Amino acid sequence: MISAFFIFNQKGEVLISRLYRTDLKRSIADVFRIQVVSNSDVRSPIITLGSTSFFHVRVNNVYIMAVTKNNANAALVFEFIYKFVNIGKSYFAKVDEEAVKNNFVLIYELIDEILDFGFPQNSEIDTLKMYITTEGVKSEMAVREESSKITTQATGATSWRRNDIKYKKNEAFVDVVESVNLLMSAKGTVLRADVDGQIMMRAYLSGTPECKFGLNDKLVLDKTDRGAGDDAVELDDCQFHQCVRLGKFDSDRSISFIPPDGEFELMRYRSTSNVNLPLKVLPTVVEHGRSKVEYTVTVRTNFNSKLSATEVVIRIPTPLNTTKLDIKVPHGKGKYVPAENVIVWKIPRIQGGAETTLNAIAELTATTNRQPWARPPIDVDFQVLMLTASGLSVRYLKVFEKSNYHSVKWVRYLTKAAGTYQIRF
């Protein structure tokens with residue numbers, strides 16, 4: 001896997017070095033200094049010279065670099081480097097040359113713990129902080145008790161969770177957050193519509209509970225006797241936290257896991273079929289010669305009247321030679337921003353099933369440039385609580401623990417768009 005690990009400053013001086021295999025010598029650092037640090041033309045984070053590959057990431061004023069002579073998994077090497085950066089931030093806040101020099105003993109401890117013969121090992125920050133600490137010396141008894149916990153956690157099957165966690169009230173909070181991406185043509189045809197989703201979880205549960213999570217996934221419902229139904233959702237590109245048992249998911253699509261304590265991202269997914277568009281924007285823009293442009297922009301909500309969209313911001317482009325704008329809006333505030341050549345229409349809240357219309361007239365100054373107006377797309381930002389654009393819903397969340405305690409589960413949905421919801425006109 002990784003043959004050597006280095007940290008350089010921006011001059012190319014070695015701050016930290018550790019060789020894991022005999023296939024490389026320490027002089028390999030000079031090759032990186034000449035080929036990458038001293039060469040301003042290098043853009044790629046991977047440089048291959050002969051059979052040697054250099055993987056590097058620049059963080060502030062230091063280069064973090066891993067070298068390998070094997071055909072290593074590049075994504076895994078970069079995952080390790082970024083994990084090391086996160087571990088460094090958790091210990092000394094900022095990873096830069098000064099921090100590396102001040103904490104070089106600690107850094108050697110960390111890389112010796114998380115890399116064994118060049119293979120990444122336990123890199124969970126909470127676990128590392130239990131036995132690599134810069135705090136004062138603890139009493140012998142406390143160290144002995146801590147050691148027994150460390151041994152269980154570091155060598156056990158759940159390195160991300162201790163087994164002696166206790167809460168007075170056992171609760172689990174699930175947030176399904178979806179970002180909608182839309183590109184609509186001037187004729188109203190959907191050119192692109194997909195959803196990027198993530199499921200965040202906050203687990204405040206005692207002991208080592210087993211959680212089972214169910215979604216209205218199309219593949220799951222297809223296997224049941226009742227069939228898929230209209231509410232089934234097709235999920236693509238699912239990515240899970242390491243606590244999820246992937247074998248169970250592959251066999252029966254059930255999400256089974258022992259959760260880490262506190263907040264974590266359980267999974268990410270994409271959905272590209274049957275995307276429900278929460279807001280429909282119907283623009284009519286008429287150019288009257290070269291002196292005036294007339295706007296009529298209608299916003300219509302496409303969800304239940306019990307829900308509402310909040311923080312709605314619509315950016316409507318204007319020609320570069322606009323001098324004056326007369327804007328009329330029944331809801332919210334409309335304002336012309338000359339520096340950005342846009343009308344910004346802000347609506348604090350709009351109910352489901354409602355619609356509202358902006359009317360505006362832009363006056364243009366005469367110009368010698370005869371190039372036609374490019375008409376950039378309208379941008380829409382919004383948030384809708386308790387709605388998913390993909391139609392995804394949590395069917396159940398079960399918590400099993402040997403003490404059989406009662407737990408309270410909360411589920412919240414949020415659909416939003418920020419800079420990715422565009423309508424051409």
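Placed above this text is the structure.
Presented here is an overview of the structure given in this document. (Residues numbered from 1 in each chain as written. Predicted model: local features only at pLDDT ≥ 70, side-chain atom pairs only at ≥ 80, totals over all residues. Heavy atoms only, no water.)

### A look at the overall build of the protein chain
And step 1. Check the secondary structure of the protein chain and you find eight helices and 24 strands.
And step 2. Compactness check: the protein chain gives a C-alpha radius of gyration of 28 Å against a globular reference of 22 Å for 425 residues, more than 25% above the reference.
And step 3. Overall, the protein chain is about 80 × 60 × 40 Å in size when its C-alpha atoms are taken along their principal axes.
And step 4. When the 425 residues of the protein chain are sorted by exposure, 45% land in the buried category.
And step 5. Of the contacts formed within the protein chain by residues at least 6 apart in sequence, a portion of 69% connects residues at least 24 apart.
And step 6. Here the protein chain contributes 55 positively and 48 negatively charged side chains, and the mean placements of these two sets differ by 4 Å. (Helix = DSSP H or I, 4+ residues; strand = E, 2+ residues; numbered from the N terminus. Rg over C-alpha atoms; globule rule 2.2 N^0.38 Å. Buried < 20%, exposed > 50% of the residue type's maximum accessible area, 1.4 Å probe, protein only. Contact = heavy atoms within 4.5 Å. Lys, Arg positive; Asp, Glu negative; His and termini not counted. Charge placed at Lys NZ, Arg CZ, Asp CG, Glu CD.)

### Examining the state of the cysteines
And step 1. Enumeration according to the criterion identifies zero disulfides in this entry.
And step 2. The closest cysteine sulfur to the non-disulfide-bonded Cys-243 is located on Cys-211, 8.5 Å from its own sulfur. (Disulfide = S-S within 2.5 Å.)

### Examining the sheet that holds strand β2 (residues 14-19)
And step 1. Ordered by their spatial adjacency, five strands build an open sheet running β2-β1-β5-β4-β3, and the pairing between neighbours is antiparallel. Edge positions in the sheet fall to β2 and β3 (46-49), since each of these pairs with one other strand and no more. When the angles between neighbouring strand axes are averaged without regard to direction, this sheet yields 15 degrees.
And step 2. For strand β1 (residues 4-9) and β2, the ladder comprises five bridges, and the chain directions are antiparallel. For Phe-6, the partnering residue across the bridge sits in β2 and is Ser-17.
And step 3. Its contacts with the sheet place helix α1 (residues 28-37) against β1, β2, β3, β4 (52-59) and β5 (62-68), and it is angled at close to 60 degrees to β4. (Pairing = 2+ DSSP bridges. Axes fitted to C-alpha atoms, helices over the stretch in contact; angles between N-to-C directions.)

### A word on the side chain of Asn-122
And step 1. Secondary-structure assignment places Asn-122 in the loop between β7 (119-120) and α5 (125-131).
And step 2. For Asn-122, a relative accessible area of 16% translates into the label buried.
And step 3. For Asn-122, the side chain forms a polar contact with the main-chain nitrogen of Glu-124, separated by 3.1 Å. (Polar contact = N/O pair within 3.5 Å; in protein donor to acceptor, adjacent residues only side chain to side chain.)

### Let's talk about the pattern of salt bridges
And step 1. Enumeration over the complete set of coordinates arrives at 15 salt bridges.
And step 2. Linking Glu-210 and Arg-245 is a salt bridge whose minimum nitrogen-to-oxygen distance equals 2.4 Å. One end of the pair, Glu-210, is in strand β10 (residues 210-215); the other, Arg-245, is in the loop between β11 (236-240) and α8 (246-252), and 35 residues separate them in sequence.
And step 3. Owing to a relative accessible area of 35%, Arg-245 belongs among the partly exposed residues under this scheme. (Salt bridge = Lys/Arg side-chain N within 4 Å of Asp/Glu carboxyl O.)

### With respect to helix α2 (residues 74-92)
And step 1. Here α2 spans 27 Å end to end across 19 residues, near enough to the 27 Å set by a 1.5 Å rise per residue.
And step 2. For α2, the set of buried residues is Val-77, Phe-78, Phe-80, Ile-81, Phe-84, Val-85, Ile-87, Gly-88, Tyr-91 and Phe-92.
And step 3. Taking the backbone nitrogen of Ala-75 as reference, a side-chain oxygen 3.1 Å away marks Asn-73 as the first, capping residue of α2.
And step 4. Taken from the residues just after α2, Ala-93 is the one with a positive phi, measuring 65 degrees. (Expected span 1.5 Å × (residues − 1).)

### Considerations on the environment of Leu-387
And step 1. By the secondary structure assignment, Leu-387 is in the loop between β21 (378-385) and β22 (394-400).
And step 2. With residues near it in sequence (within four places) discarded, Leu-387 still touches Asn-276, Pro-278, Phe-303, Leu-307, Tyr-413, Leu-414 and Thr-415.

### Side note on the layout of surface pockets
And step 1. The computed volume of the largest pocket comes to approximately 780 Å³.
And step 2. In this structure, the largest pocket is lined by 25 residues; those nearest its centre are Glu-79, Lys-83, Glu-124, His-241 and Gln-242.
And step 3. Elements supplying a minimum of two residues to the lining of the largest pocket: α2, α5, β11 and β13 (262-271).
And step 4. In the lining of the largest pocket, the residues fall into 11 nonpolar, six polar and eight charged.
And step 5. Of the voids in this model, the second largest pocket is the one considered here, and its volume is about 630 Å³.
And step 6. For the lining of the second largest pocket, the elements supplying multiple residues, two or more each, are β16 (308-317) and β21.
And step 7. Looking at the lining of the second largest pocket residue by residue, the class counts come to 13 nonpolar, eight polar and six charged. (1 Å grid on protein atoms, 1.4 Å probe; cavity = no way out; pocket = protein on both sides within 12 Å on 5 of 7 lines; lining within 4 Å. Points joined across faces, edges and corners; volume = space filled by probe spheres on them. Nonpolar A, V, L, I, M, F, W, Y, C, P; charged D, E, K, R; others polar.)

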